[in-house]
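# Report on the structure
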Amino acid sequence: MMNFAIRPFTADDAAWLISQHAEHYAIVEGFDASFGPLVASIVDNFLQNHDPAREMGWLAHDGDKRLGTIFCVALNDKTAKLRLFYLIPDARGTGAGQALLDQCLSFARGAGYQKLTLWTHESHVAAGRIYKRNGFTRVASKPVRSFGVDLVEETWEISL
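Anyway, here's the lowdown on the structure attached to this text. Please read these numbers as outputs of a predicted model, since none were measured by experiment. (Residues numbered from 1 in each chain as written. Predicted model: local features only at pLDDT ≥ 70, side-chain atom pairs only at ≥ 80, totals over all residues. Heavy atoms only, no water.)

## Considerations on the overall build of the chain
The test is simple: Helix and strand assignments come from DSSP, with helices taken as H or I runs of at least 4 residues and strands as E runs of at least 2, each series counted from the N terminus. Exposed residues in this analysis have more than 50% of their type's maximum accessible area, buried residues have under 20%, and partly exposed residues fall in between, with area computed by a 1.4 Å probe over protein chains only. Between two residues, a contact is recorded if the distance between any of their heavy atoms is within 4.5 Å. Residues scored as charged are limited to Lys and Arg (positive) and Asp and Glu (negative), so that His and the chain ends carry no count. By convention, the charge on Lys lies at NZ, on Arg at CZ, on Asp at CG and on Glu at CD.
Looking only at helices and strands, one finds four helices and seven strands in the chain. Going residue by residue from the N terminus, the α and β elements of the chain occur as β-α-α-β-β-β-α-β-α-β-β. Expressed along its principal axes, the backbone C-alpha trace of the chain runs to roughly 40 × 35 × 35 Å. Residue burial in the chain is summarised as follows: out of 160 residues, 46% are buried. Sequence-distant contacts, at least 24 apart, represent 64% of the contacts inside the chain between residues at least 6 apart. Each charge class in the chain can be summarised by its mean position, and for the 16 positive and 18 negative side chains these summaries are 7 Å apart.

## Things to note about the environment of F147
Considering the arrangement of structural elements, one finds F147 in the loop between β6 (137-146) and β7 (149-159). As for F147 and F35, which are separated by 112 residues in sequence, their C-alpha atoms are 6.0 Å apart. Each residue touching F147, except ones within four places of it in the same chain, is listed here: G30, F31, D32, S34, F35, L38, W119 and H121.

## Some remarks on the nonpolar core
Test applied: By nonpolar core is meant a set of buried Ala, Val, Leu, Ile, Met, Phe, Trp, Tyr and Cys residues that side-chain atoms within 4.5 Å join together.
In terms of nonpolar packing, the biggest core is built from 49 residues, with C72, L82, L116 and F136 touching the most fellow members. Of the residues forming this core, the biggest block, seven residues, is contributed by helix α3 (residues 96-110). Not counting chain neighbours up to four residues away, the residues in contact with C72 comprise R54, E55, M56, W58, A80, K81, C104, F107, A108, Y113 and L116.

## What about unusual backbone geometry?
A positive phi angle, near 50 degrees, is found at L84, a position not held by glycine. Counting through the fold element by element, L84 comes out in strand β4 (residues 79-87).

## Some words on the side chain of T117
Test applied: Under this definition, polar contacts are N or O atom pairs within 3.5 Å; protein pairs additionally need one hydrogen-donor-capable and one acceptor-capable atom, and for neighbouring residues in sequence, both atoms have to be side-chain atoms.
For T117, the position within the fold is in strand β5 (residues 115-121). Here the side chain of T117 touches W156 through a polar contact of 3.1 Å, landing on its backbone oxygen. Leave out the neighbours within four places in its chain, and T117 touches L75, T79, A80, K81, L82, T155, W156 and E157.

## Regarding the pattern of salt bridges
The condition is simple: Whenever Lys or Arg places a side-chain nitrogen within 4 Å of a carboxyl oxygen from Asp or Glu, that contact is recorded as a salt bridge.
One pass over the full model with this rule turns up five salt bridges. The closest approach of N and O atoms between E157 and K115, which form a salt bridge, is 3.7 Å. With a gap of 42 residues between them, E157 in strand β7 and K115 in strand β5 connect regions that are remote in the sequence. Its relative accessible area of 25% is what places E157 among the partly exposed residues.

## Some remarks on helix α4 (residues 125-133)
The following threshold applies: The arc refers to the directions leading from the helix axis to the C-beta atoms.
Every buried residue of α4 is listed here: G128, I130 and Y131. One side of α4 carries all its buried residues, which in axial view fall inside an arc of 165 degrees. Of the exposed residues in α4, those oriented more than 90 degrees away from the buried face are R129, K132 and R133. G135 sits one or two residues past α4 and shows a positive phi near 95 degrees.

## Re the side chain of E153
Of note, E153 is situated in strand β7. The charged side chain of E153 is buried without a salt bridge, its nearest counter-charge being K142 at 4.0 Å. A polar side-chain atom of E153 sits 3.3 Å from a polar atom in the side chain of W119.

This is the structure:
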């Protein structure tokens, strides 16, 4: 079993998170080079503009080894958006993902949001399982061509 702790995401974690997303999804999903810059823009926007009372990012780690991230950002006054939920392959199935999701849900409730929404792809089967297990409902699904591949985009949400 893997030991892990969760701490706030910092600017020092940005390059790691961006490269993990770009490399992982290029290998696993065949995403093209447009995906890394999208992740970079999301991370940069968060670091430069987030309101710490209503928006947070967290990183799961085992000592100096980064394991994964999750973010809670404002979509509007009543709805938060879960973003950049990612675990390195070695950390999957260890409880780190559930701990990150619990942290995000708890924060969203504490910040006064009424709903948490997220966007993902149907091919992320393990993510869909954890969302469903935690009470999220898939509210939309549509075929798209993104990042150089054909995908099915999904929107999930949960009332808080």
